Amino acid sequence: MSANRLYLDIEKKWENFNIEISQEFSFEAPVAIFGASGSGKSSLLRMISGLETPDNGSIRSSDGRGIETVWYDRKQKIDEATHKRQIGYLFQDGRLFPHLSPIENLKYADKRSKHQNSQLSLDSVIENLNLSSLLDKTSRELSGGETQRIVLGRTLLSRPSLLLLDEPLTGLDRERKTEILPYLESLQSNFSIPIILVSHDIEEVLRLTGSTLIISEGRKIAFGKTQEVFVEKPLEHLQIFTQSDSSLFVGVVKNIDKEMMLAEIDVLGQQLFLPQRFPLKVDQKIAIKIRMQDVGIATIYPQNTSFKNIIPCVVRSFELEETSPFGEVVLDVNGHSLKSRITRASLINLGLKAGMNVFALIKSASFQDHSI
Ligand SMILES: Nc1ncnc2c1ncn2[C@@H]1O[C@H](COP(=O)(O)OP(=O)(O)OP(=O)(O)O)[C@@H](O)[C@H]1O
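- Where an unreviewed UniProt entry is consulted, the protein chain appears under the name Molybdate ABC transporter, ATPase subunit, with the organism given as Hirschia baltica.

**Quick notes on unusual backbone geometry**
- Positive phi outside glycine occurs at R159, with the angle close to 50°.
- Take R159: it is sitting in the loop between helix 5 (144-157) and strand 8 (162-166).
- Of note, the phi angle at E167 is positive, near 45°, even though the residue is not glycine.
- As for its position among the elements, E167 is in the loop between strand 8 and helix 6 (174-191).
- For E167, a count of 20 C-beta atoms within 10 Å corresponds to the buried category.

**Here's the deal with the sheet that holds strand 12 (residues 246-257)**
- What the four strands build is an open sheet, ordered 14-13-12-15; its pairing is antiparallel. Edge positions in the sheet fall to strand 14 (270-275) and strand 15 (285-291), since each has one partner strand and no second. Averaged over all adjacent pairs, the angle separating strand axes in this sheet is 45°, with direction ignored.

**Observations concerning the site of the ligand**
- Neighbouring the ligand are W14, F17, G35, S37, G38, S39, G40, K41, S42, S43 and H200.
- Tallied by class, the residues present in the shell around the ligand amount to two nonpolar, eight polar and one charged.

**Topic: the packing of helix 3 (residues 102-112) against helix 5**
- The geometry of helix 3 relative to helix 5 is characterised by a closest axis approach of 7 Å and an angle of 20° between their N-to-C directions. Classed by the angle they form, the pair helix 3 and helix 5 counts as roughly parallel. Considering how the two elements wind past one another, helix 3 and helix 5 form a crossing that is right-handed. Judged by residue contacts, P102, N105, L106, A109 and D110 of helix 3 engage I150, G153, R154 and L157 from helix 5.
- For the contact of helix 3 with helix 5, the per-class residue count stands at five nonpolar, two polar and two charged.

**Description of the domain arrangement of the protein chain**
- Splitting the protein chain by domain gives domain 1 (5-232) and domain 2 (245-366).
- Contacts between domain 1 and domain 2 engage seven residues on the former and seven residues on the latter.
- Elements supplying a minimum of two residues to the side of domain 1 that touches domain 2: helix 7 (202-208) and helix 8 (226-232).
- Tallied by class, the residues present in the side of domain 1 that touches domain 2 amount to four nonpolar, one polar and two charged.

**So, helix 1 (residues 41-49)**
- Counting buried positions along helix 1 gives seven out of nine residues, so the element sits mostly inside the fold.
- Within two residues after helix 1, G50 carries a phi angle of roughly 90°, on the positive side.

**A word on the nonpolar core**
- Of all hydrophobic cores here, the largest spans 79 residues; its most connected members are I33, L164, I196, L197, A287, I288 and A360.
- Take this core: its biggest share by element is five residues, from helix 5.
- Here this core gathers at least three residues from each of two domains, domain 1 (5-232) and domain 2 (245-366).

**Section: the pairing of strand 12**
- As judged from the seven bridges shared by strand 12 and strand 15, these two strands associate in the antiparallel manner. In the strand pairing of strand 15, V252 is matched with K285.
- The sheet contact formed by strand 12 and strand 13 (residues 262-267) spans five bridges and is antiparallel. Directly across from V253, in strand 13, lies its bridge partner I265.
- Counted along the chain from strand 12 to the antiparallel partner strand 13, the turn is four residues long, and its residue M261 has a positive phi close to 60°.

Conventions we followed
Residues numbered from 1 in each chain as written. Predicted model: local features only at pLDDT ≥ 70, side-chain atom pairs only at ≥ 80, totals over all residues. Helix = DSSP H or I, 4+ residues; strand = E, 2+ residues; numbered from the N terminus. Buried ≥ 20, exposed ≤ 12 C-beta atoms within 10 Å, placed from the backbone. Pairing = 2+ DSSP bridges. Axes fitted to C-alpha atoms, helices over the stretch in contact; angles between N-to-C directions. Near = placed C-beta within 6 Å. Nonpolar A, V, L, I, M, F, W, Y, C, P; charged D, E, K, R; others polar. Parallel < 35°, antiparallel > 145°, perpendicular 65-115°, else oblique. Left-handed = near helix turned anticlockwise from the far one by under 90°. Contact = placed C-beta atoms within 7 Å. Domains from an automatic or database assignment. Core = buried A, V, L, I, M, F, W, Y, C linked by C-beta atoms within 7 Å.

Right under this line is the structure:
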């Protein structure tokens, strides 16, 4: 039976690291555990799955009917083995059994699974993950993304009560990520399976999950709806989580122009226009990630331009990349940094200097896949 809720109350002390987290999760939508590298995300997953034993506390799951199962309880001396917890665990470099073909990998899990789940049949997994063209290839003929899809299918066919995704896209290039993200996105609706995603990539978290636990140094920093939890925290604190090739901003939806299909967002008192591709509502707080290659720079306010987002800012610093035709500029928007990557030629031609007033140009279209 699928876990509907999970109650975590755990303590673990190692020589150089302590984890102390209490949190209840419910799985109407996938849950994210988000934090910087080394914050304790994987350790937490290992304790949920039974691969690591906490020093103290309890871990309990309850199903749709409210029937509770104790997975771990120090006081009651309960510590269920991983297979009894029925956990599906997908790592970043999931491997196939090399001596078996992709279809044999799937059938192996299907046959061994003793649990029932009418939605999770071999056929439905093959169809929903679009695996049919891969089944007769050899493991060696599969790309990284294709291998990850078969491994995901095999994990699903073990019919887990809870699916743990530990940085499933880390290590894949952008093209492969784009290939796999839609499959991860539809897992919950296709298979009604509870999911915890561990990630330090805000883009993945915003796209795939409904609620997020943010941790740092083994402690909870915040928990709430994914769309809201990031904006509750001071921006500068969040900047440490963003990948170095992008900047993170938070804003509030001010207006939706239905005819033009654009949402107007207030970010630090500036106006940004996003394509209304997502179900945004007025007054909703959202997090927006802006990749540095999507930010251009003008030294005077551009007229008659297709750029919908023209933001006044100040050059904070810049650096030429030694072995490439590009340079990186850090702009200051009301005290918050916005990174831009432009060509070395533009950087020199514009005559950029620290302290100079400029305009950041961001195409609305660039928000399509990289923001919310
Ligand atoms: N078995 C262990 N013994 C001692 N220390 C450990 C053990 N397992 C984890 N740690 C420590 O716990 C800390 C958190 O590690 P963990 O892998 O959980 O972080 P993470 O947030 O998943 O990081 P990353 O995103 O880089 O994978 C690290 O400092 C690590 O050294």
